[in-house]
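# Residue-level structural notes
If you want the building blocks of each chain, they are given just below.
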Amino acid sequence: MPQIPFIDLRAQYLSIKPEIDAAIARVVDSGQFVLGPEGEALEQELAAYCGTRHAAAVASGTDALILSLRACGIGPGDEVITTAYTFAATVEAILLVGATPVLVDIDPKICTLDLNQAAAAATPKTKAIIPVHLYGHPCAMLELMTMARQRGWRVIEDCAQAIGATVQGRRVGSFGDAGCLSFYPTKNLGGYGDGGMVVTNDAKMAEQVRVLRNHGGRERYQHLALGTNSRLDELQAAVLRVKLRHLDAWTQARKTHAAAYANALTAAKLEDATLPSTLPGYGHVYHLYVIQTPHRDRAQQHLAEQGIATQVAYPSALCDQPAFREPSVRCAPCPIARRVAQRVLALPMYPELSDEQIERVVKTLAESLKTN
Ligand SMILES: *Cc1c(COP(=O)(O)O)cnc(C)c1O
């Protein structure tokens, strides 16, 4: 029986091999490998894509978060509100700049931070909020921006899973002070290694990130601030520029697959499975297609036995991980995140998935869950 992988990066490479091979050869031939024309072109193309005026390329999504926080002047004594249910990097970034993460519970349907909980967790020390557009569904950015502006908070959007996702037609990353992208290979726009980007409408923010990413200066042996090495390399930038040209078609394929999953799962009448929802006015880009079921472990095991790979993203609320305990992290009560963590199961989702594969995933899932 053929395996169905969770993601198939080789199939994607084969579909665009001549373009990718030419881009890699161009960089190797140029002899310029770090901070060059490919990276600058990618910055402009991604700023245009996200609908921002500026972009600054960095070495990873994690660094995009860290350098955005630093560019906002966030540090020791400051509190930053974010969701208890995200990939660890969001919370690591806050701790690594010396600030205190304040983790709040999520909306049970779309699994993003609950604004009422954010309001309840605010203190005079709150300086910023990091909404995470989890799985590719945007947070309630219009309401969040109103709340943040009233309170004087900076807003850093974690767009690592959501490039191209929209609220009222406007792309994520363009709402806050900064939007942070990740080019980790499995992301919707993934490189052949690590990479990241800060998109912003704020020229000062972009300039600050460019200074911090390269040892605190714009010129060699100029050190205006304590910086680091967080540069994007030219090979990644060239690969990403090729892939960006295909991103809208790939996102459309993800949406088509999500609709096919929803049809087949609804037709299977599974008693114990909740499908992912998209709220009206929001554009979901389905980085992950995540269902919820109380029989998650049993379902995952059965799918694995039938050669179908799935993932549990994520198996716990971050406040239950040893690295993120009080007092370095403040955690509001998170009953919903804890419950969701027991129930989520991400099914295979990538542009190259076929209708037959989707049918087989649903048929196999139905064998392990009750129907009515
Ligand atoms: C992947 C991811 C990151 C980190 O990106 P890297 O490029 O792997 O450093 C941050 N936040 C979220 C929500 C992510 O999914």
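Below or above, wherever it landed, is the structure these notes cover.

The rules behind each value
Residues numbered from 1 in each chain as written. Predicted model: local features only at pLDDT ≥ 70, side-chain atom pairs only at ≥ 80, totals over all residues. Heavy atoms only, no water. Buried < 20%, exposed > 50% of the residue type's maximum accessible area, 1.4 Å probe, protein only. Helix = DSSP H or I, 4+ residues; strand = E, 2+ residues; numbered from the N terminus. Contact = heavy atoms within 4.5 Å. Polar contact = N/O pair within 3.5 Å; in protein donor to acceptor, adjacent residues only side chain to side chain. Near = heavy atom within 4 Å. Areas by Shrake-Rupley, 256 points an atom, 1.4 Å probe, with all protein chains shown as cover. 1 Å grid on protein atoms, 1.4 Å probe; cavity = no way out; pocket = protein on both sides within 12 Å on 5 of 7 lines; lining within 4 Å. Sits in = over half its atoms within 2 Å of the grid points. Axes fitted to C-alpha atoms, helices over the stretch in contact; angles between N-to-C directions. Parallel < 35°, antiparallel > 145°, perpendicular 65-115°, else oblique. Left-handed = near helix turned anticlockwise from the far one by under 90°. Nonpolar A, V, L, I, M, F, W, Y, C, P; charged D, E, K, R; others polar. Pairing = 2+ DSSP bridges. Right-handed = clockwise from strand over helix to strand, strands pointing away.

### Some thoughts on helix 8 (residues 203-213)
When we look at burial in helix 8, the residues that qualify are Met205, Ala206, Val209, Arg210, Val211, Leu212 and Arg213. Residues of helix 8 that are buried sit in contact with helix 3 (37-50), strand 1 (54-58), helix 4 (61-71), strand 5 (154-158), strand 8 (178-182) and strand 9 (196-200). Put simply, Asp202 is the residue that caps the front of helix 8, since its side-chain oxygen is 2.9 Å from the backbone nitrogen of Lys204. A positive phi of about 60 degrees marks His215, the residue just after helix 8.

### Quick look at the site of the ligand
In the vicinity of the ligand, 15 residues are found, and the nearest of them are Gly61, Thr62, Asp158, Ser182 and Lys187. At 2.7 Å, a backbone N or O of Gly61 approaches an oxygen atom of the ligand. A distance of 2.6 Å is found between an oxygen atom of the ligand and a side-chain nitrogen or oxygen belonging to Ser182. Surface burial for the ligand is 93%, taken as the share of its 380 Å² of free accessible area covered by protein chains. The cavity that encloses the ligand is the largest pocket. Where the shell around the ligand is concerned, the elements lending two or more residues are helix 4 and helix 5 (88-96).

### A look at the packing of helix 11 (residues 296-305) against helix 13 (residues 355-368)
Packing of helix 11 against helix 13 brings their axes to within 9 Å, and their N-to-C directions diverge by 130 degrees. Relative to helix 13, helix 11 is oriented oblique. In this structure, helix 11 meets helix 13 at a crossing whose hand is right-handed. Contacts between helix 11 and helix 13 involve Arg298, Ala299, His302 and Leu303 from the first element and Val361, Thr364, Leu365, Glu367 and Ser368 from the second. Split into classes, the residues belonging to the contact of helix 11 with helix 13 amount to four nonpolar, three polar and two charged.

### Here's the deal with the pairing of strand 5
Extensive coverage of strand 5 is indicated by the burial of four of its five residues. For strand 4 (residues 126-130) and strand 5, the ladder comprises two bridges, and the chain directions are parallel. If you follow Ala128 over to strand 5, its bridge partner there is Arg154. Taking the sense of rotation as the criterion, the β-α-β connection linking strand 4, helix 7 (residues 141-151) and strand 5 turns out right-handed.

### Quick look at unusual backbone geometry
Across the junction of Ala313 and Tyr314, the peptide omega takes the value 10 degrees, indicating a cis bond. With respect to the helices and strands, the residue Tyr314 is situated in the loop between helix 11 and strand 12 (330-331). Cis geometry is adopted by the peptide bond preceding Pro327, which originates at Glu326 and carries an omega value of 5 degrees. Locating Pro327 in the fold gives a position in the loop between helix 11 and strand 12. One non-glycine residue, His215, adopts positive backbone phi at about 60 degrees. Take His215: its relative accessible area is 36%, and that puts it in the partly exposed class. One non-glycine residue, Tyr221, lies in the positive phi region at around 60 degrees. On the secondary structure map, Tyr221 appears in the loop between helix 8 and helix 9 (234-244). A relative accessible area of 70% means that Tyr221 is categorised as exposed.

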